[in-house]
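As a plain string of letters, each chain reads:
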Amino acid sequence: MKKFLIFALLIVALFTTDIEMIKQPRQQLLETSIAILSESTKVQRPSAATRARTSIEQQIPLTDKQAAHLDEELANDFVMKKFYQQYCVEREMSLYFFTDKLENICDILERAMQRTGTL
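Okay, so let's go over this structure. Note that the structure is predicted; figures quoted are calculated from it, not measured.

## Observations concerning the pattern of salt bridges
And then number 1: On inspection of all chains with the given rule, the structure shows two salt bridges.
And then number 2: Note that arginine 53 is salt-bridged to aspartate 71, the shortest N-O span being 2.7 Å. You can see arginine 53 sitting in helix H3 (residues 48-59) and its partner aspartate 71 sitting in helix H4 (residues 64-73), a full 18 residues away along the chain.
And then number 3: On the accessibility criterion, arginine 53 (11% relative accessible area) is buried.
And then number 4: Relative accessible area serves as the criterion here: at 43%, aspartate 71 is assigned to the partly exposed category.
And then number 5: Three or more residues joined by partner-sharing salt bridges are found here, namely Arg53, Glu57 and Asp71.

## Regarding the environment of histidine 69
And then number 1: Turning to its location among the elements, histidine 69 is positioned in helix H4.
And then number 2: Taking relative accessible area as the criterion, histidine 69 reaches 10% and is therefore assigned buried.
And then number 3: Sequence spacing of histidine 69 and phenylalanine 97 is 28 residues, and the spatial spacing of their C-alpha atoms is 9.8 Å.
And then number 4: Setting aside chain neighbours within four positions, we find histidine 69 in contact with Phe83, Tyr96 and Phe97.

## A word on H3
And then number 1: Taking 1.5 Å of rise per residue, twelve residues should cover 16 Å, and H3 covers 16 Å from first to last C-alpha, within 8% of that figure.
And then number 2: For H3, the complete set of buried residues consists of Ala48, Ala49, Ala52, Arg53, Ser55 and Ile56. Taken down its axis, H3 places every buried residue within 170 degrees of arc, on the same side. Exposed side chains of H3 directed beyond 90 degrees from the buried face belong to Glu57 and Gln58.
And then number 3: Along its buried surface, H3 packs onto H4, helix H5 (77-89) and helix H6 (99-116).

## Describing H5
And then number 1: Where H5 is concerned, the buried positions are Met80, Phe83, Tyr84, Tyr87 and Cys88. The buried residues of H5 occupy one face: seen down the axis, they fall within an arc of 100 degrees. Among the exposed residues of H5, those pointing more than 90 degrees away from its buried face are Phe78 and Lys82.
And then number 2: Of the surrounding secondary structure, the elements contacted by the buried residues of H5 are H3, H4 and H6.
And then number 3: At the N-terminal end of H5, a side-chain oxygen is found 3.1 Å from the backbone nitrogen of phenylalanine 78, two or three residues along, and the residue is asparagine 76.
And then number 4: Downstream of H5 by one or two residues, arginine 91 has phi in the positive range, about 60 degrees.

## Examining the nonpolar core
And then number 1: If you look at the biggest cluster of nonpolar residues, it comprises 20 residues, and the most contacted ones within it are Ile56, Leu74, Met80, Phe83, Ile105 and Leu109.
And then number 2: Listing elements by their share of this core, those giving two or more residues are H3, H5 and H6.
And then number 3: Broken down by element, this core gets its largest block of residues, seven residues, from H6.
And then number 4: The contact partners of methionine 80, leaving out residues within four places of it in the chain, are Ala48, Ala49, Ala52, Glu73, Leu74, Leu109 and Met113.

What counts and what doesn't
Residues numbered from 1 in each chain as written. Predicted model: local features only at pLDDT ≥ 70, side-chain atom pairs only at ≥ 80, totals over all residues. Heavy atoms only, no water. Salt bridge = Lys/Arg side-chain N within 4 Å of Asp/Glu carboxyl O. Helix = DSSP H or I, 4+ residues; strand = E, 2+ residues; numbered from the N terminus. Buried < 20%, exposed > 50% of the residue type's maximum accessible area, 1.4 Å probe, protein only. Contact = heavy atoms within 4.5 Å. Expected span 1.5 Å × (residues − 1). Arc of directions from axis to C-beta. Polar contact = N/O pair within 3.5 Å; in protein donor to acceptor, adjacent residues only side chain to side chain. Core = buried A, V, L, I, M, F, W, Y, C linked by side-chain atoms within 4.5 Å.

Below, the structure written as structure tokens:
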């Protein structure tokens, strides 16, 4: 029991001291261990724009111009929200998508935003 108590006191002393010779390597060790732990716990989730883009590609046939325009409009979630607000909620006319195709795109965007919680 005495050995464990001495060991615990030694560890506490090493982590609370301000001696430069001990402080700098200790800080580096803590930073690297925190970086490793935070990298291992990150969850990579696809954005709503990525989900919507893949769904649209699978379900709706697009021309080259429409696909290029859609790539710009679904570059990230913020731009996608603007597109959704402008063409789906406010019902402005789109130069690239009309009636059924636009309605299908709006439905896909809405589902993608609901799944990721960005709506």
